[in-house]
Amino acid sequence: MAGLTAGQAVAVATGNAADLLKLKDRGRIQPGLRADFFLVEGDLSRSITAVKRVTGVWRQGRKVAGKLMDAPAP
């Protein structure tokens, strides 16, 4: 509805958001960066509705149960 493709929406919510907030250690998956991410069933670059089908969540490189915000701090 905002005029973005699904891939653009994912980029805005991840890497672009981290850049805007000057968080250089997150927003992308690459060696040396903070490993907070979630996996979905489907392809987010094709359909943003795949975000409703989360299959796994990782916080600081460790798999956690439940939502990212529910994970205990290390």
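What you see as residue numbers is a count from 1 along each chain, following the sequence as written. Residue-level local features of this predicted model are given only where pLDDT is at least 70; pairs of side-chain atoms are given and counted only at 80 or more, and the full residue set underlies all totals for whole chains, interfaces and linings. Heavy atoms from the whole structure form the basis of all side-chain values; hydrogens and water molecules are not counted.

Caption draft 1: Structural view of the sheet that holds strand β1 (residues 37-40). With antiparallel pairing, 3 strands are arranged side by side in an open sheet as β1-β2-β3. Of all strands in the sheet, those bounded by a partner on one side alone are β1 and β3 (62-64). Direction aside, neighbouring strands of the sheet carry axes that sit 30 degrees apart on average. Between any two strands, pairing holds if DSSP finds at least two bridges. Only DSSP runs of H or I covering at least 4 residues are called helices, and only runs of E covering at least 2 are called strands; the numbering of each starts at the N terminus. Pairing of β1 with strand β2 (residues 54-59), which is carried by 4 bridges, proceeds in the antiparallel orientation. Opposite Phe 38, over in β2, you have Val 57 as the bridge partner. Helix axes are fitted only over the stretch in contact, all axes being lines through C-alpha atoms; the angle between N-to-C directions runs from 0 to 180 degrees.

Caption draft 2: Spatial organisation of the layout of surface pockets. Residues are said to line a cavity or pocket when one of their atoms sits within 4 Å of a point; the points come from a 1 Å grid over protein atoms alone, cavities being sets where a 1.4 Å probe fits but cannot get out and pockets being open sets with protein on both sides within 12 Å along at least five of seven lines. Grid points are joined across faces, edges and corners, and a volume is the space filled by probe spheres set on the points. If you add up the space inside the largest pocket, you get close to 720 Å³. Around the largest pocket, the lining is made up of 24 residues, and of these Ala 13, Thr 14, Asp 36, Phe 37 and Phe 38 lie nearest the centre. Looking at the lining of the largest pocket, the elements with two or more residues in it are α1 (6-20) and β1. Looking at the lining of the largest pocket, the element that brings in the most residues is α1, giving 6 residues. Its residues assigned to classes, the lining of the largest pocket shows 17 nonpolar, 3 polar and 4 charged. Under the grouping applied here, Gly and all other residues not named as nonpolar or charged are polar, the nonpolar ones being Ala, Val, Leu, Ile, Met, Phe, Trp, Tyr, Cys and Pro and the charged ones Asp, Glu, Lys and Arg.

Caption draft 3: Here's a closer look at the packing of aromatic side chains. Side-chain rings of Phe, Tyr and Trp, where Trp is taken by its six-membered ring, are said to pair if the distance between their centres is within 6.5 Å; with planes under 30 degrees apart they count as stacked, over 60 as edge-to-face, and otherwise as tilted. Within this structure, the stated rule accounts for 1 aromatic pair. Taking the centre distance of 5.0 Å and the plane angle of 5 degrees together, the rings of Phe 37 and Trp 58 count as stacked. With Phe 37 in strand β1 and Trp 58 in strand β2, the pair connects residues that are 21 residues apart, well separated along the chain. Classification of residues uses two cut-offs on accessible area relative to the type maximum, computed with a 1.4 Å probe and protein chains only: under 20% is buried, over 50% is exposed, and between them is partly exposed. A relative accessible area of 25% places Phe 37 in the partly exposed class. The class for Trp 58 is buried, based on a relative accessible area of 19%.

Caption draft 4: Expanded view of the pattern of salt bridges. Salt bridge, as used here: a side-chain nitrogen of Lys or Arg that lies within 4 Å of a carboxyl oxygen of Asp or Glu. By the definition in use, this model includes 4 salt bridges. Residue Arg 28 pairs with Asp 19 through a salt bridge whose shortest N-O separation is 2.7 Å. Looking at Arg 28, the relative accessible area reads 37%, which means it is partly exposed. Asp 36 is the salt-bridge partner of Arg 34, the closest N and O atoms lying 2.5 Å from each other. Overall, the relative accessible area of 24% leaves Arg 34 in the partly exposed class.

Purely geometric numbers; function is a separate question.
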